[in-house]
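Each chain, letter by letter, is given below.
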Amino acid sequence: MKIIVTELNWPIGNQLLEQQGWNVVYDADLWKNRERLQQELQDADTVIVRNQTKVDAELLGWKHDLKVIGRLGVGLDNIDLKSAAERNISVVYGKNANATSVAEYVVSSLFTCSRLMVESSGDVKRGNWNRKKYTGTEIYGKTIGLIGVGEIGHRVALRAKALGLRVLGFDPFVAPYDFQIMETGIEMVKFEHLLAESDFISLHIPLTAQTRNLIDINALSRMKPTSYIINTARGGIVNEMDLHRALQEKKLAGAILDVLEKEPPESDHPLLDLDNCLITPHIAGLTEESQIRTSELVAREVIRELSGKISLCRV
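Residues numbered from 1 in each chain as written. Predicted model: local features only at pLDDT ≥ 70, side-chain atom pairs only at ≥ 80, totals over all residues. Heavy atoms only, no water.

The line we're drawing: UniProt positions are given in the numbering used here, feature names are shortened, and annotations may be inferred rather than shown by experiment.
Naming follows an unreviewed UniProt entry, where the protein appears as Hydroxyacid dehydrogenase of Ferviditalea candida. Under the UniProt heading Sequence similarities (unreviewed entry), the note attached to the protein is "Belongs to the D-isomer specific 2-hydroxyacid dehydrogenase family."

### Brief notes about the packing of aromatic side chains
Rules: Aromatic rings from Phe, Tyr and Trp, with only the six-membered ring used for Trp, were paired whenever their centres fell within 6.5 Å, and each pair was classed as stacked if the ring planes differed by under 30 degrees, edge-to-face if by over 60, and tilted otherwise. Counting from the N terminus, the helices are the DSSP runs of H or I reaching at least four residues and the strands are the DSSP runs of E reaching at least two. Type-normalised accessible area, obtained with a 1.4 Å probe on protein chains alone, sets the label of each residue: buried when under 20%, exposed when over 50%, and partly exposed for intermediate values.
In total, this model carries 2 aromatic pairs according to the counting rule given. With a centroid separation of 5.4 Å and an interplanar angle of 55°, the aromatic rings of Phe170 and Phe191 are classed as tilted. Residue Phe170 is found in strand S7 (residues 166–170), and its partner Phe191 is found in helix H9 (residues 191–197); the two are separated by 21 residues along the sequence. Residue classification places Phe170 among the partly exposed positions, given a relative accessible area of 25%. Both rings, one in Phe200 and one in Tyr228, keep their centres 6.0 Å apart while their planes meet at 20°; by these two values the pair is stacked. Residue Phe200 is located in strand S9 (residues 200–203), and its partner Tyr228 is located in strand S10 (residues 228–231); the two are separated by 28 residues in the primary sequence. Classification of Phe200 by relative accessible area gives buried; the value is 4%.

### Quick notes on helix H7 (residues 151–162)
Let me state the cut-off plainly: By this rule, a helix spans an expected 1.5 Å times one less than how many residues it contains. What makes two residues a contact is simply this: any of their non-hydrogen atoms within 4.5 Å.
The first and last C-alpha atoms of H7 sit 17 Å apart over 12 residues, in line with the 16 Å expected at 1.5 Å per residue. Every buried residue of H7 is listed here: Ile152, Gly153, His154, Val156, Ala157 and Ala160. Next to the buried residues of H7 lie helix H5 (99–114), strand S6 (143–147), S7 and helix H8 (179–182). After H7 finishes, the residue Gly164 shows a positive phi value of roughly 90°.

### Regarding the side chain of His204
Just so we agree on the cut-off: We define a polar contact as two N or O atoms separated by no more than 3.5 Å, with the added condition that, inside protein, one atom must be a possible hydrogen donor and the other a possible acceptor, whereas residues neighbouring each other in sequence contribute only through side-chain atom pairs.
Locating His204 in the fold gives a position in the loop between S9 and helix H10 (217–221). At 2.7 Å, the side chain of His204 forms a polar contact with the side chain of Ser202. Among residues more than four places away in sequence, those in contact with His204 are Val102, Val106, Leu146, Ile147, Gly148, Ile152, Gly153, Val156, Thr232 and Ala233.

### Concerning the pattern of salt bridges
Stated precisely, the cut-off is as follows: One speaks of a salt bridge when a side-chain nitrogen belonging to Lys or Arg is within 4 Å of a carboxyl oxygen belonging to Asp or Glu.
A complete count under the given rule lists 21 salt bridges for this structure. Arg166 serves as the salt-bridge partner of Glu197, at 3.8 Å between the closest nitrogen and oxygen. Of the two residues, Glu197 sits in helix H9 while Arg166 sits in strand S7, which places them 31 residues apart along the sequence. On the basis of relative accessibility, which here comes to 31%, the residue Glu197 falls in the partly exposed class. Exposure remark for Arg166: the relative accessible area of 31% places this residue in the partly exposed category. A salt bridge links Arg245 to Glu249, with the nearest nitrogen and oxygen atoms 3.5 Å apart. A relative accessible area of 43% places Glu249 in the partly exposed class. Overlapping salt bridges bring together Lys2, Asp27, Arg36, Glu40 and Asp43 as one network.

Listed below in structure tokens is the structure:
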């Protein structure tokens, strides 16, 4: 078997594949070179990717004998699932392996918005002692709205409730007696109600034709001027030009974005100039622990598929 890994992977995953006696071609920058990728694919059985490799109809149409696509993560917008299905190529992903890391990132974002420790420390080091300016707010008693209450949203809710927040949710795919509602106590509300009531809004939905630009100027205008939006899901769900306008016009207090429509952004992207918009390089799910889990899980599920068994992580 020949396995191609086109993006960053933790050692445990490659080692598990190599222990099968298979040829593992690992190049974290291979996704940048389509010509070489095409050459490597010609005799490959599996390709393992993150979110940068475009596994589109063109790539899947090249001459190859691919049997499995492994996704080191959970987002699938870079994989043409229809073309894969037509070619009988199974797709496995890192189901839930980074969910805790993303949930912890969201919780850290709540504190980042409420207690300005980095800014106040910098101010002290410049010779100031401005206690009034850096008086923060408690998150206790505040409301967080979750757009999408699947696995990650549910884990955010558990942590938020433990910290004393009220948790609202919007998700058209959650039924009235599902665990999130009956056992965790998420209050499911209409989309417009969630926008208007929440002090923090956190996105946990995939990027699809239906969710693209879901958070546009109309949605942003419904939010409290003291509220924050947190996006750890996918770029494209938030209309970035509309967000820039809303932040400039103080329609909301701030934004924390871990994902952008184009990653990395152009140097002149307008959001980069705003003090009330924090941007991180798509790291919400990237912790040492989560990446060990993801790498190991995807490797084991690829092995399972290539052994003729159906993976529990098959899309």
